[in-house]
2 protein chains.
Amino acid sequence: MSSVGSDAGDGGHAVLRTKTPGEKASDGPSEVGSGWTRASCPCCVSGPVEPLVLLQLRSGLQQQTKDWIITLIATAVKQGGAALSAHPGEEPSGDIIVVSAPRCTLLRATEELGLCKAYHNGDMTAFSYHDRNNFQNADNVQVFLTVSERQYIVKYELEGMRAQRDLKIPGLPEGLRLQRRDNIWQKLQGAGVVRCMFPLNHEEKLKALSKAWYSGNQLTQPLDMIHEYFGGTVAFYFSFLDFYTWSLLPPAILGLVLTMFSGGVNKEALDSISDSKVAISSGDDDDEALTVSGHMIQAVFSMLWSTVVMEMWKRRKTTLSYRWGTMQLAERFSEPRPSYHGDMGVNPVTGRWEPLFPVWQRKLRMALVSVPMVGLFLGLVVLGMLGFYWGEAQVQTLHTEWDSLLSSALLYLPSVAHIVYTNALGTAYRQVALALTEFENHREESAYGDHLTGKILVFTFFNYFAVLFHIAFYKQDVPLLRKRLASLLIITQLVNQVTEVVIPFLVDRLFSAPKRSEKEEDPEEDKFRNQSNLPDFPGLFAEYIELLVQFGYLSLFSCVYPLTAVLLLLNNLTEIRSDAYKMCKLFKKPFSAPVAGMGVWQTAFEVLSFVSVISNCWLLLLSPRLQELGQENGITGTNALLVAVLLEHLLILFKMLLAILIPDEPDWIRVKREQNEFKSMQALGQQRQGAMDRYFIE
Amino acid sequence: MSSVGSDAGDGGHAVLRTKTPGEKASDGPSEVGSGWTRASCPCCVSGPVEPLVLLQLRSGLQQQTKDWIITLIATAVKQGGAALSAHPGEEPSGDIIVVSAPRCTLLRATEELGLCKAYHNGDMTAFSYHDRNNFQNADNVQVFLTVSERQYIVKYELEGMRAQRDLKIPGLPEGLRLQRRDNIWQKLQGAGVVRCMFPLNHEEKLKALSKAWYSGNQLTQPLDMIHEYFGGTVAFYFSFLDFYTWSLLPPAILGLVLTMFSGGVNKEALDSISDSKVAISSGDDDDEALTVSGHMIQAVFSMLWSTVVMEMWKRRKTTLSYRWGTMQLAERFSEPRPSYHGDMGVNPVTGRWEPLFPVWQRKLRMALVSVPMVGLFLGLVVLGMLGFYWGEAQVQTLHTEWDSLLSSALLYLPSVAHIVYTNALGTAYRQVALALTEFENHREESAYGDHLTGKILVFTFFNYFAVLFHIAFYKQDVPLLRKRLASLLIITQLVNQVTEVVIPFLVDRLFSAPKRSEKEEDPEEDKFRNQSNLPDFPGLFAEYIELLVQFGYLSLFSCVYPLTAVLLLLNNLTEIRSDAYKMCKLFKKPFSAPVAGMGVWQTAFEVLSFVSVISNCWLLLLSPRLQELGQENGITGTNALLVAVLLEHLLILFKMLLAILIPDEPDWIRVKREQNEFKSMQALGQQRQGAMDRYFIE
């Protein structure tokens, strides 16, 4: 073990450099402590220090400001600091600070976040600092906490720092004075003093991960390794992607079988792609009936399938969340988000002094401001679509009248205008959604995230599907719908793969990589700096919405195009790999809060699964073959509609029963949960136990 | 204070008689301890003993058996007894045993049941025996626990007794040998040794309660007193009845206003009652439109009203359940139901040795046996109805052909046959429902009750509404529906009031009361005996189903007959009083388990509120005026149906949003709940805290 780190400001030149090239930081904690600030608690001063997070400061910052920040990071939490270890980098006057965390800070934060860890009996139990010695591996934080948990805790502690009294930051103008209870980090980032903050990559681990993840022909994904390295949000995305992809097998097989057995469907599909009107082969009644019942089977199957998949995923999710210790997250009991505001007061639950904001006021803001605004934008999408159709019709008439070069060029105008309009609307909406969610003033980071994602997702989804719904419900043109769906399925997936992976890959290779010429013997610090050249990770929104849109194609319109599931299955098998490659190579490593699932996406998928019943029943009703059959047997349109409505209600009822009957957690998890509840009920009674027992004979 | 009670078997002649007539047992605890068995713990031997529950034994039971039972009741729980106090009554050889409970047993059971009581800071907190001295009034069980809680605990302890080893009950045949872990009480009741067991009335309290409840013109009900005396199930029923009756005001006022403003509706209603076909007053278009929009307003209002009422009731329920300390009932952690069976094993949650039965097996039994059986019976109801209509048609033709006295007598045959059939079916179903629920093998008493009630309720409801649904959906005859509804509303309510109150009252006065000639100076024991002559309380099923059927009339078909709410409001105002009278005077006092709400009835009301949307939209579509309006404006039947379906979906969506947006618990309760969760989270950590702390410098 090396000696205790010297105080900040003591010029830590040698720190990260003193290592010999063979000694890699990735072998676990760096063994060099010099240059690091001293941890505030005696049990953490000795021992190795591991670089976790890199802060990039504004270049040209005064030395005293940097020193002040380093001192602040190392100060105990009670004195308004973060109780972390900081290192000024190779040059004391440089623009980076490397941050690590001593054991005690990590363990205390683990309790505060409500993470569960393996107890000595093997059960996942909410970690308690007092009881730390009964937890497995609690003396070795490198094993006890995952990399991404350690890095998130650093971020959590930094962002939680609040000024204990009014003070001026040395070297910064008077305007940036801190008031008591001000969030220091928010102020520093707002003033541009801290330019960015990102978790450092761990080369060896990353290499091992990518090897297990996407290099070979793995059929399963190394979910635990992903969770260990990238954290909960990413791990849950890949778990869902994996689960969902495999659950595409049954509908894919059914689709193939139906297509093979009923040549009609096949021909129809081919016809629709080749844009010729579907030639109804009258007289071939057997084939007819086969096709129609194929339609029916496909539709009913896909409706029930979606519920079963989502319920089974919930069970899987609960299992994973138990394994990863995120079943009892205590976010609502910890510090509120930095930008949460309200009248200062005592939190009635935790007894802490913090901003308070009444729940009803938030609900009122959501109901009276957010909902109408979102509605307005959805209306604008519809308006744009109607405008586009109107414009199309106009230029068509113009073109048939004039038939000139100009008019044929004009034919493109509506499309171009619509694309421009949609993009502008999307950009504007993103800003509005951000502002609205901020205005709703959520206390917890996860609630904020869910509401923001929810808003954008509704809009994006609507944008994707407005045209399809228009064709299905208003134009009632099944062949056109089939054509659109097939082209969307094939083209969108291709475009997505290209924009998501190929372009970033090329950009990385052609422009970024040459600047990042890395050598084994480079000093650690340069490697850290290099990571800051990678682009920021854009978040999982695009990945999730892609899955949601897929799921939408499949469940909403599946009876129209039976091969949907096959195409999606093929797409997803490559998608898993390309997403994994992207995560590992093309972006900065993201911070990842501990989460217990997919958040609002879960709801989105479930809602979609119920909406699919309505859409499928409607499409069956529209199905030209079925209509013809009805006419032959003398069923009127009204009666057919009645049957469809009845079917819809029965299916929804059945889906609800399924959702209720399939338990959301496996039995063994339920037992563990109830054990916990029972224990905590007993513990509460015993802890309150007064000193009065001696008055009673037990 | 009197001396410590002597041992059982010591001939307690003087016990209940030693009191002077002026000293009433109802002044709280009886001050006479002699004759009572000695409590097993030293802190409970002195002090007053209060008679709580009366056991009636088989007459002619051997003295040694009675003595054995008394000793058993007084034995400590660990030795397989109930740790209660028993008194053999005036004559040691008589057929009654009076049971009371010492303080320690009551307090321990309070913890076991998970009841919340007022902590020293005023918050309702789950009671803990260890911590008892920090609870308000814990030293005075008469104030600490309500009468009904004390009586329920006696029942709970008696029914929980299990043989600790194989033994023969003295004075009973070999066949009644107890095996280890056998439930003793079940065996005794099964063998007819214990004929019945009921809680004793408390004259003074009962008088005070009836005075505050139904003697005057009270607008509110003394809910806390009801809870204190009759316990949770009864108190929740009356709370709901009260809440629901007041919430009928808005639809009643709307109904009156609509009836006044649109003469058409009024006339229509009158017409329908007088059985003349509705004469459509063509040419009076203003009136037309008014009537139609009146229909619409009424329908939409009643659909949204039902959701708002149920959501507001949930809030009220949570408040009451907090006030009555039943928010954290621990039924799933306590002993299973006596008749629960399965392989013996260690309960993984509580660690107790008890029968185990896998949850999936119960679900399987429910899905594969119970659901099909219930479906079969519902099918038989429909079959009966169809048979009735078929029979009606047959005898009608017969009558027109023959036109004799015989054939006109035959006209009644289908009705009579249908009534006989329905009654036989109902009786058979009740037996089947009992057997099915027993077969499902529920672990908790409340789950058993809910599943049994649920089964009977579905059947009864179906029985009530099958005819109305048949008229509305199959015959599509709105005038007939209106007529039926009006007559049902008026006649059923009248019949109910008569059968529920007047008949029991008369029976009581004419037959039972003379036998019960009670005098002030009668010994206590005779008063106790007299109570056993009252009929058993039949439970709240009939009351609840009456409310549910009312709610069904109102929400399912309200747009047909706008004055429904007015009639129901009037009916309920008398219903409250007659139900209260019935509870207090006409029946034995029932045992009442602590409950947190109405159980399965809550679900029934909520489901009905959603089904009402479907039915109302359908009725609007059928409305003759609306159809005519549609025809005038050239709207086809299919399009009208489409609009109705769209409206239905939108309304259901809106109702779901309402249900989500209105929080189920008031804010202050949420804070209390979260405080509790926070405390128990912290407690769990601190309780686990090992002895290792000394190794660490804090």
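Residues numbered from 1 in each chain as written. Chains lettered and ligands numbered in written order. Predicted model: local features only at pLDDT ≥ 70, side-chain atom pairs only at ≥ 80, totals over all residues. Heavy atoms only, no water.

## Points about the overall build of chain A
Argument step 1. From N to C terminus, chain A includes 23 helices and 8 strands.
Argument step 2. Within chain A, contacts between residues separated by at least 24 positions form 73% of all contacts whose residues are at least 6 apart in sequence.
Argument step 3. When the accessible surface of chain A is totalled, it reaches about 31,200 Å², and 62% of it is carbon and sulfur. (Helix = DSSP H or I, 4+ residues; strand = E, 2+ residues; numbered from the N terminus. Contact = heavy atoms within 4.5 Å. Areas by Shrake-Rupley, 256 points an atom, 1.4 Å probe, with all protein chains shown as cover.)

## A short note on the packing of aromatic side chains
Argument step 1. Under the definition given, this model contains 68 aromatic pairs over all chains.
Argument step 2. Relative to Phe230 of chain B, the ring of Tyr229 of chain B has its centre 5.0 Å away and its plane inclined at 85°; by these criteria the two rings are edge-to-face.
Argument step 3. Looking at Tyr229 of chain B, the relative accessible area reads 2%, which means it is buried.
Argument step 4. Joined through ring pairs, the aromatic side chains of Trp213, Tyr229, Phe230, Tyr237, Phe238, Phe541, Tyr544 and Trp601 of chain A make up one cluster.
Argument step 5. Across from the ring centre of Tyr229 of chain A, 4.0 Å away, lies the NZ or CZ of Lys589 of chain A, which sits over that ring.
Argument step 6. Looking at Lys655 of chain B, its charged tip hangs above the ring of Phe610 of chain B, at a distance of 5.4 Å from the centre. (Phe/Tyr/Trp six-rings, centres within 6.5 Å; stacked < 30°, edge-to-face > 60°. Buried < 20%, exposed > 50% of the residue type's maximum accessible area, 1.4 Å probe, protein only. Lys NZ or Arg CZ within 6 Å of the ring centre and 35° of its normal.)

## Quick notes on the pattern of salt bridges
Argument step 1. Within this structure, the stated rule accounts for 52 salt bridges over all chains.
Argument step 2. Between Asp182 of chain A and Lys187 of chain A there is a salt bridge, with the nearest N and O atoms lying 3.4 Å from each other.
Argument step 3. In this structure, Lys588 of chain B and Asp536 of chain B form a salt bridge, with 2.9 Å as the shortest nitrogen-oxygen distance. Of the two residues, Lys588 of chain B sits in the loop between α19 (564-586) and α20 (600-622) while Asp536 of chain B sits in the loop between α17 (524-531) and α18 (541-557), which places them 52 residues apart along the sequence. (Salt bridge = Lys/Arg side-chain N within 4 Å of Asp/Glu carboxyl O.)

## Description of the side chain of Asn676 of chain A
All names here are of chain A.
Argument step 1. Along the polypeptide, Asn676 turns up in helix α23 (residues 667-688).
Argument step 2. For Asn676, a relative accessible area of 16% translates into the label buried.
Argument step 3. Those residues in contact with Asn676 that lie beyond four places of it in its chain are Met124 and Gln328.

## Some words on the environment of Gln221 of chain A
Residue and element names in this part refer to chain A.
Argument step 1. Along the polypeptide, Gln221 turns up in the loop between α6 (203-215) and α7 (223-230).
Argument step 2. Relative accessible area serves as the criterion here: at 10%, Gln221 is assigned to the buried category.
Argument step 3. In this structure the C-alpha to C-alpha distance between Gln221 and Ile576, which are 355 residues apart in sequence, comes to 8.9 Å.
Argument step 4. Ignoring anything within four residues of it in the chain, the contact list for Gln221 reads Trp213, Ile226, Phe238, Asp242 and Ile576.
Argument step 5. Engagement of the side chain of Gln221 in a polar contact is seen with the side chain of Trp213, the distance being 3.1 Å.
Argument step 6. Within the structure, the side chain of Gln221 is placed 3.5 Å from the side chain of Asp242, a separation counted as a polar contact. (Polar contact = N/O pair within 3.5 Å; in protein donor to acceptor, adjacent residues only side chain to side chain.)

## Things to note about the sheet that holds strand β2 (residues 85-87) of chain B
Sheet strands associate in pairs through backbone hydrogen bonding, adopting either a parallel or an antiparallel arrangement.
Residues and elements named next belong to chain B.
Argument step 1. With respect to topology, 4 strands assemble into an open sheet ordered β2-β3-β1-β6, the strand pairing being antiparallel. Among the strands making up the open sheet, the edge pair consists of β2 and β6 (194-199). Geometrically, the sheet is characterised by an average inter-axis angle of 25° between neighbouring strands, direction not taken into account.
Argument step 2. Pairing analysis gives 3 bridges linking β2 to strand β3 (residues 96-100), with the strands arranged antiparallel. Bridge assignment links Ala86 to a residue of β3, and that residue is Val99.
Argument step 3. Here helix α1 (residues 63-74) sits on the sheet in contact with β1 (53-57), β2 and β3, set at roughly 5° to β3.
Argument step 4. Here helix α4 (residues 147-160) sits on the sheet and contacts β1, β3 and β6; the angle it forms with β6, its principal contact strand, is near 150°. (Pairing = 2+ DSSP bridges. Axes fitted to C-alpha atoms, helices over the stretch in contact; angles between N-to-C directions.)

## Overview of the sheet that holds strand β2 (residues 85-87) of chain A
Residues and elements named next belong to chain A.
Argument step 1. Strand order in the open sheet formed by 4 strands is β2-β3-β1-β6, with antiparallel pairing between adjacent strands. Both edges of this open sheet fall to β2 and β6 (194-199), since each of them pairs with a single strand only. Direction aside, neighbouring strands of the sheet carry axes that sit 25° apart on average.
Argument step 2. Pairing analysis gives 5 bridges linking strand β1 (residues 53-57) to β6, with the strands arranged antiparallel. Residue pairing for β6: Leu55 is matched across the bridge by Met197.
Argument step 3. Running at roughly 5° to strand β3 (residues 96-100), helix α1 (residues 63-74) makes contact with β1, β2 and β3 of the sheet.
Argument step 4. Along the sheet, helix α4 (residues 147-160) makes contact with β1, β3 and β6, crossing β6 at roughly 150°.

## What to know about the nonpolar core
Argument step 1. Counting 195 residues, the largest nonpolar core has Trp213, Phe230 and Phe238 of chain A together with Trp213, Phe230 and Phe238 of chain B as its most contacted members.
Argument step 2. When residues no more than four places from it in sequence are discounted, the contact partners of Trp213 of chain B are Gln218, Gln221, Pro222, Ile226, Phe230, Phe238, Ala580, Met583 and Cys584 of chain B.
Argument step 3. Counting 48 residues, the second-largest nonpolar core is a separate cluster that includes Val99, Leu115, Leu158 and Phe591 of chain B. (Core = buried A, V, L, I, M, F, W, Y, C linked by side-chain atoms within 4.5 Å.)

## Describing the packing of α20 of chain B against helix α22 (residues 637-661) of chain B
Residue and element names in this part refer to chain B.
Argument step 1. Contact geometry of α20 with α22 gives a least axis separation of 9 Å together with a crossing angle of 155°. Here α20 lies roughly antiparallel to α22, going by the angle between them. Our pair here, α20 against α22, has a crossing hand that is right-handed. Taking contact as the criterion, the partners of Ser609, Phe610, Ser612, Val613, Ile614, Cys617 and Leu621 in α20 are, on α22, Ala640, Leu641, Ala644, Leu647, Glu648, Leu651, Ile652, Lys655 and Met656.
Argument step 2. Taken together, the residues that form the contact of α20 with α22 break down as 12 nonpolar, 2 polar and 2 charged. (Parallel < 35°, antiparallel > 145°, perpendicular 65-115°, else oblique. Left-handed = near helix turned anticlockwise from the far one by under 90°. Nonpolar A, V, L, I, M, F, W, Y, C, P; charged D, E, K, R; others polar.)

## Some remarks on α20 of chain B
Given 3.6 residues per turn, any residue in an α-helix points the same way as the ones three and four places further on.
Residues and elements named next belong to chain B.
Argument step 1. Helix length check: α20, at 23 residues, gives a terminal C-alpha distance of 33 Å against a target of 33 Å (1.5 Å per residue), a fit within 8%.
Argument step 2. Taken as a whole, α20 carries its principal kink of about 25° at Val611.
Argument step 3. The element α20 is extensively covered by neighbouring structure, given that 17 of its 23 residues are classed as buried. (Expected span 1.5 Å × (residues − 1). Bend = angle between axes of the 7 residues up to and from the residue.)

## Here's the deal with a nonpolar patch on the surface
Residues and elements named next belong to chain A.
Argument step 1. Taken together, the side chains of Leu219, Trp246, Leu249, Ile253, Leu256, Val257, Met260, Phe261 and Leu573 present a nonpolar region at the surface, about 900 Å² in accessible area.
Argument step 2. Tallying contributions element by element places helix α9 (residues 249-261) first for the nonpolar patch, with 6 residues.
Argument step 3. Relative to the helices and strands, Leu573 resides in helix α19 (residues 564-586). (Patch = residues over 30% accessible without salt bridge, like charges linked within 9 Å, V, L, I, M, F, W, Y side chains within 5 Å.)

## A word on α1 of chain A
Residues and elements named next belong to chain A.
Argument step 1. Across its 12 residues, α1 extends 17 Å between first and last C-alpha, which sits within 8% of the 16 Å expected from 1.5 Å per residue.
Argument step 2. All of the buried residues in α1 are Thr65, Lys66, Trp68, Ile69, Ile70, Leu72, Ile73 and Ala74.
Argument step 3. Along its buried surface, α1 packs onto β1, β2, β3, α4 and α5 (184-190).

## Structural notes on the packing of helix α8 (residues 232-247) of chain A against helix α18 (residues 541-557) of chain A
Residues and elements named next belong to chain A.
Argument step 1. Closest axis-to-axis distance for the α8/α18 pair is 11 Å, and the angle between their directions is 25°. It follows that α8 is roughly parallel to α18 by the angle criterion. The way α8 lies across α18 gives a crossing that is left-handed. Only Glu543, Tyr544, Leu547, Gln550 and Phe551 of α18 make contact with α8, whose side of the interface consists of Thr233, Phe236, Tyr237, Phe240, Leu241 and Tyr244.

## Some thoughts on the environment of Arg577 of chain A
All names here are of chain A.
Argument step 1. Along the chain, Arg577 falls in helix α19.
Argument step 2. Its relative accessible area of 24% is what places Arg577 among the partly exposed residues.
Argument step 3. Along the primary structure Arg577 and Gln221 are separated by 356 residues, whereas in three dimensions their C-alpha atoms are 9.7 Å apart.
Argument step 4. Here Arg577 is in contact with Tyr214, Gly216, Asn217 and Gln218, once residues within four sequence places are set aside.

## Remarks on the pairing of β3 of chain B
Residues and elements named next belong to chain B.
Argument step 1. Of all 5 residues in β3, 5 are buried; the element is thus mostly enclosed.
Argument step 2. Of the two faces of β3, both are covered, the one formed by Ile96, Val98 and Ser100 as well as the one formed by Ile97 and Val99.
Argument step 3. Where β1 lies against β3, 4 bridges are found, and the strand directions are antiparallel. For Leu54, the partnering residue across the bridge sits in β3 and is Val98.

## Some words on unusual backbone geometry
Argument step 1. Positioned with a positive phi, Gln476 of chain A is a non-glycine residue whose angle comes to about 55°.
Argument step 2. Note that Gln476 of chain A resides in the loop between α15 (445-475) and α16 (478-515).
Argument step 3. The residue Ala83 of chain B is not glycine, and still its phi comes out positive at about 55°.
Argument step 4. Tracing the sequence through the fold places Ala83 of chain B in the loop between α1 and β2.
Argument step 5. The buried category is assigned to Ala83 of chain B, whose relative accessible area is 8%.

## Considerations on the confidence of the model for chain A
For any part of a model where pLDDT is low, the fine detail of the predicted coordinates should not be relied upon.
Residue and element names in this part refer to chain A.
Argument step 1. The predicted model of chain A averages 81 in pLDDT, with 85% of residues at 70 or higher.
Argument step 2. Residue range residues 1-32 is modelled with pLDDT below 50. Its contacts to residues more than four positions away, or to other chains, number 66 contacts.
Argument step 3. Low pLDDT (under 50) marks residues 689-698, which in the prediction has 15 contacts with non-local residues, meaning those over four places away or in another chain. (pLDDT = per-residue confidence, 0-100.)

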